[in-house]
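Remarks on the overall topology
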Amino acid sequence: QVQLVESGGGLVQAGGSLRLSCVVTGITFSRYAMGWFRQAPGKEREFVAGITWSGDSTLYADSVKGRFTVSRDNAKNTVYLQMNSLKPEDTAVYYCAADRIEYRATMVMDFVGSWGQGTQVTVSS
């Protein structure tokens, strides 16, 4: 079955950076779009960023545009989220997500077929 394992979360001061990683097994990684969501306490899970199977198309939530970058390494079955200029409002559990279909051409927010277990990111002011 599909397994997504996130790492790289932690505690960082406002203005700092973190890089999240998500290693995927159980699917042919290079065929699937991947992305990141987050859920803050008391709030609904929200889309953060996504990247198509080829890496040609990406999509970002307005709240993270210009600060976060999603990328992938198909040789390592890994998707990354580079987070710069972090703000306290970025504090959340971050979840990796895999697409439910293969070879999606254009990234969309509603794509998820599988979830990771999440990794905590805490940004202190």
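Residues numbered from 1 in each chain as written. Predicted model: local features only at pLDDT ≥ 70, side-chain atom pairs only at ≥ 80, totals over all residues. Heavy atoms only, no water.

1. Concerning the pattern of salt bridges
If you walk through the whole model with that rule in mind, you get seven salt bridges. A salt bridge links Asp 99 to Arg 104, with the shortest nitrogen-to-oxygen separation between them at 2.6 Å. The two residues Asp 99 and Arg 104 agree in class, both being buried. Each of the salt bridges in this network shares a partner with another, and the network as a whole consists of Arg 38, Glu 46, Arg 67 and Asp 90. (Salt bridge = Lys/Arg side-chain N within 4 Å of Asp/Glu carboxyl O. Buried < 20%, exposed > 50% of the residue type's maximum accessible area, 1.4 Å probe, protein only.)

2. A short note on the nonpolar core
Ranked by size, the top nonpolar core spans 28 residues in total, and within it Met 34, Trp 36, Val 79, Leu 81, Met 83 and Tyr 94 carry the most contacts. The set of elements that each furnish at least two residues to this core consists of strand 3 (18-25), strand 4 (32-39), strand 5 (46-51), strand 7 (68-73), strand 8 (78-83), strand 9 (92-102) and strand 11 (119-124). Dropping the residues within four chain positions of it, Met 83 is found in contact with Gly 16, Ser 17, Leu 18, Leu 20, Arg 67, Phe 68, Tyr 94 and Val 121. With seven residues, the next largest nonpolar core counts Ala 33, Phe 37, Met 107 and Phe 111 among its residues. (Core = buried A, V, L, I, M, F, W, Y, C linked by side-chain atoms within 4.5 Å. Helix = DSSP H or I, 4+ residues; strand = E, 2+ residues; numbered from the N terminus. Contact = heavy atoms within 4.5 Å.)

3. Concerning the side chain of Asp 99
For Asp 99, the position within the fold is in strand 9. Classification of Asp 99 as buried rests on a relative accessible area of 4%. A polar atom in the side chain of Asp 99 sits 3.3 Å from the backbone nitrogen of Ile 101. A distance of 2.6 Å separates a polar atom in the side chain of Asp 99 from a polar atom in the side chain of Arg 104. Other than its neighbours up to four places away in sequence, Asp 99 contacts Tyr 32, Ala 33, Arg 104, Phe 111 and Gly 113. (Polar contact = N/O pair within 3.5 Å; in protein donor to acceptor, adjacent residues only side chain to side chain.)

4. Description of the state of the cysteines
Summed over the entire model, instances satisfying the criterion amount to one disulfide. Two residues share a disulfide in this structure: Cys 22 and Cys 96, whose sulfurs sit 2.1 Å from each other. Residues Cys 22 and Cys 96 are joined by a disulfide whose S-S torsion is about -85 degrees; by sign, that bridge is left-handed. Pair noted here: Cys 22 is in strand 3 and Cys 96 is in strand 9, with a separation of 74 residues, a long-range link. Judged by relative accessible area, which is 0%, Cys 22 ranks as buried. (Disulfide = S-S within 2.5 Å.)

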